[in-house]
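# Secondary and tertiary structure notes
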Amino acid sequence: GTYKGLTEKLDYLQDLGVNCVELMPVNEFNELEYYELSPPNGVYRYNVWGYSTVGFFAPMARYGSCLSEGGDLGKTGEVVKEFKEMVK
């Protein structure tokens, strides 16, 4: 999902009675830190928990709608704007 996608669903979540959403992690982290082939099942492992923070004050760029589908990395400012729109 993306920050913009969550923003679009906030009214729906509120209608369901949801009053709190916890996002973990939303800061930029190294998701390839543990990238290796797992012998038991032959699937590559990724760090999806965000414990290896790269930038505490930078939102995870790949969750931005402008970058989620392989967009231009020069638009990281758009990711920050999208994140701010989500949390306001």
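Quick caveat, the model's predicted, so the values are computed rather than measured.

Before going further, it helps to examine the nonpolar core. Judged by nonpolar contacts, Tyr3, Phe29, Met60, Ala61, Tyr63, Leu67, Val79 and Met86 together constitute the single largest core of 8 residues. With residues near it in sequence (within four places) discarded, Ala61 still touches Glu28, Leu67 and Val79.

Take the packing of aromatic side chains next. Two descriptors summarise a pair of aromatic rings, namely the distance from one centre to the other and the angle between the planes of the rings. A complete count under the given rule lists 2 aromatic pairs for this structure. Ring centres of Tyr3 and Tyr63 lie 6.0 Å apart, and the angle between their planes is 85 degrees; this geometry places the pair in the edge-to-face category. Taken together, the residues span a long stretch of sequence, with Tyr3 in helix α1 (residues 3–15) and Tyr63 in the loop between β4 (53–59) and α2 (76–87) at a distance of 60 residues. For Tyr3, a relative accessible area of 3% corresponds to the buried category. Here Tyr3 and Phe83 contribute two aromatic rings whose centre-to-centre distance is 5.2 Å and whose plane-to-plane angle is 80 degrees, an arrangement assigned as edge-to-face. Highlighted residues: Tyr3 in helix α1 and Phe83 in helix α2, separated in sequence by 80 residues. Cluster of aromatic residues (ring-pair linked, three or more members): Tyr3, Tyr63 and Phe83.

What follows deals with the pattern of salt bridges. In this structure the tally under the stated criterion is 3 salt bridges. Residue Glu78 pairs with Lys81 through a salt bridge whose shortest N-O separation is 3.7 Å. Here Lys81 and Glu78 lie together in helix α2, a separation of 3 residues that amounts to about one turn. The class for Glu78 is partly exposed, based on a relative accessible area of 40%.

Our next topic: the packing of α1 against α2. For the pair α1 and α2, interaxial distance at closest approach is 9 Å and the crossing angle is 20 degrees. It follows that α1 is roughly parallel to α2 by the angle criterion. For α1 against α2, the interelement crossing comes out left-handed. Between α1 and α2, the contacting residues are Tyr3, Lys4, Leu6, Thr7 and Leu10 on the first element and Val79, Glu82, Phe83, Glu85 and Met86 on the second. Among the residues making up the contact of α1 with α2, the classes are represented as 6 nonpolar, 1 polar and 3 charged.

What counts and what doesn't
Residues numbered from 1 in each chain as written. Predicted model: local features only at pLDDT ≥ 70, side-chain atom pairs only at ≥ 80, totals over all residues. Heavy atoms only, no water. Core = buried A, V, L, I, M, F, W, Y, C linked by side-chain atoms within 4.5 Å. Buried < 20%, exposed > 50% of the residue type's maximum accessible area, 1.4 Å probe, protein only. Contact = heavy atoms within 4.5 Å. Phe/Tyr/Trp six-rings, centres within 6.5 Å; stacked < 30°, edge-to-face > 60°. Helix = DSSP H or I, 4+ residues; strand = E, 2+ residues; numbered from the N terminus. Salt bridge = Lys/Arg side-chain N within 4 Å of Asp/Glu carboxyl O. Axes fitted to C-alpha atoms, helices over the stretch in contact; angles between N-to-C directions. Parallel < 35°, antiparallel > 145°, perpendicular 65-115°, else oblique. Left-handed = near helix turned anticlockwise from the far one by under 90°. Nonpolar A, V, L, I, M, F, W, Y, C, P; charged D, E, K, R; others polar.

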